[in-house]
Amino acid sequence: MLQAAGRPNYPINPLAGARLSIGSGGEVIVSDCDVVKQVWDEQSAWSQTANKLEHEIHRSRLAALVLTVAAAICGTTSATVGTDQTAGRWLAATTGHFAGHVRLAVSDPRGG
């Protein structure tokens with residue numbers, strides 16, 4: 001087998017030992033081929049990882065939206081009530097709490 005520098009040691013003909021046949025629509029069907037199975041498995045793993053990451057992005061964006069709306073409601077209510085009253089001060093503190101957590105909701109837990 002030939003091997004390129006830094007590449008896996010694949011045979012020159014990766015389809016060696018595979019059975020090729022022609023389907024009813026004229027397509028080539030490859031069966032019993034380890035390389036095709038390996039490539040399919042790797043693509044499946046990439047696809048599943050991409051789906052998980054996409055779900056995480058959607059979830060963090062929704063959390064950021066909810067926190068931003070909650071902060072806006074608390075901030076507006078605090079300004080309406082006035083910070084000279086206890087309820088206004090609590091609402092102002094809650095506004096800061098919600099606004100501060102927006103950054104945590106959209107940050108990557110893996111440090112990226």
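The rules we used
Residues numbered from 1 in each chain as written. Predicted model: local features only at pLDDT ≥ 70, side-chain atom pairs only at ≥ 80, totals over all residues. Heavy atoms only, no water. Helix = DSSP H or I, 4+ residues; strand = E, 2+ residues; numbered from the N terminus. Buried < 20%, exposed > 50% of the residue type's maximum accessible area, 1.4 Å probe, protein only. Contact = heavy atoms within 4.5 Å. Areas by Shrake-Rupley, 256 points an atom, 1.4 Å probe, with all protein chains shown as cover. Patch = residues over 30% accessible without salt bridge, like charges linked within 9 Å, V, L, I, M, F, W, Y side chains within 5 Å. Salt bridge = Lys/Arg side-chain N within 4 Å of Asp/Glu carboxyl O. Expected span 1.5 Å × (residues − 1). Arc of directions from axis to C-beta. pLDDT = per-residue confidence, 0-100.

K.L.:
Mind laying out the overall build of the protein, listing which residues take part and the relevant values?
P.N.:
Counting secondary structure elements, the protein contains 2 helices and 2 strands. The buried share among the 112 residues of the protein stands at 12%. When contacts within the protein are restricted to residue pairs at least 6 apart in sequence, those whose partners lie at least 24 apart make up 30%. Of the accessible surface of the protein, which amounts to about 8,800 Å², a share of 62% is contributed by carbon and sulfur atoms.

K.L.:
Break down the environment of Ile57 for me, with residues and values.
P.N.:
Mapped onto the elements of the fold, Ile57 is located in helix H1 (residues 34-81). C-alpha separation for the pair Ile57 and Ser107, spaced 50 residues apart in sequence, amounts to 9.9 Å.

K.L.:
Go over a nonpolar patch on the surface with me, naming the residues and quoting the values.
P.N.:
On the surface, Leu62, Leu65, Val66, Val69 and Ile73 cluster together to form a nonpolar patch covering roughly 470 Å² of accessible area. Summarising the element assignment, Val69 is placed in helix H1. Take Val69: its relative accessible area is 42%, and that puts it in the partly exposed class.

K.L.:
Before we move on, could you go through helix H2 (residues 86-106) and cite the residues and values that matter?
P.N.:
An ideal rise of 1.5 Å per residue puts 30 Å on 21 residues; H2 measures up with 31 Å between its terminal C-alpha atoms. Regarding H2, the residues found buried are Gly88, Thr95, Val102 and Ala105. All buried residues of H2 lie within an arc of 95° about the axis, which places them on one face of the element. Facing away from the buried side of H2 by over 90 degrees, the exposed positions are Trp90, Ala93, Arg103 and Leu104.

K.L.:
Explain the environment of Ser60 residue by residue, including any values.
P.N.:
The topology assignment puts Ser60 in helix H1. Among residues more than four places away in sequence, those in contact with Ser60 are Ala105 and Val106.

K.L.:
Explain the side chain of Ser78 to me, using residue names and the numbers behind them.
P.N.:
Tracing the backbone through its elements, the reader meets Ser78 in helix H1. The residues touching Ser78, leaving out its near neighbours within four places in the chain, are Thr83, Gly88, Leu91 and Ala92.

K.L.:
Summarise the confidence of the model for the protein; cite the residues concerned and give the values.
P.N.:
Segments scoring low in pLDDT should not have their predicted coordinates read at a detailed level. Considering every residue of the protein, the mean pLDDT works out to 80; 74% of them sit at 70 or more. The least confident element of the protein, judged by mean pLDDT, is strand E2 (residues 28-31) at 70; the most confident is H2 at 90.

K.L.:
Lay out the environment of Thr94 in plain terms, naming residues and giving numbers.
P.N.:
Relative to the elements of secondary structure, Thr94 occurs in helix H2. On a C-alpha basis, the gap between Thr94 and Ala71 in space is 7.3 Å, while along the polypeptide they are 23 residues apart.

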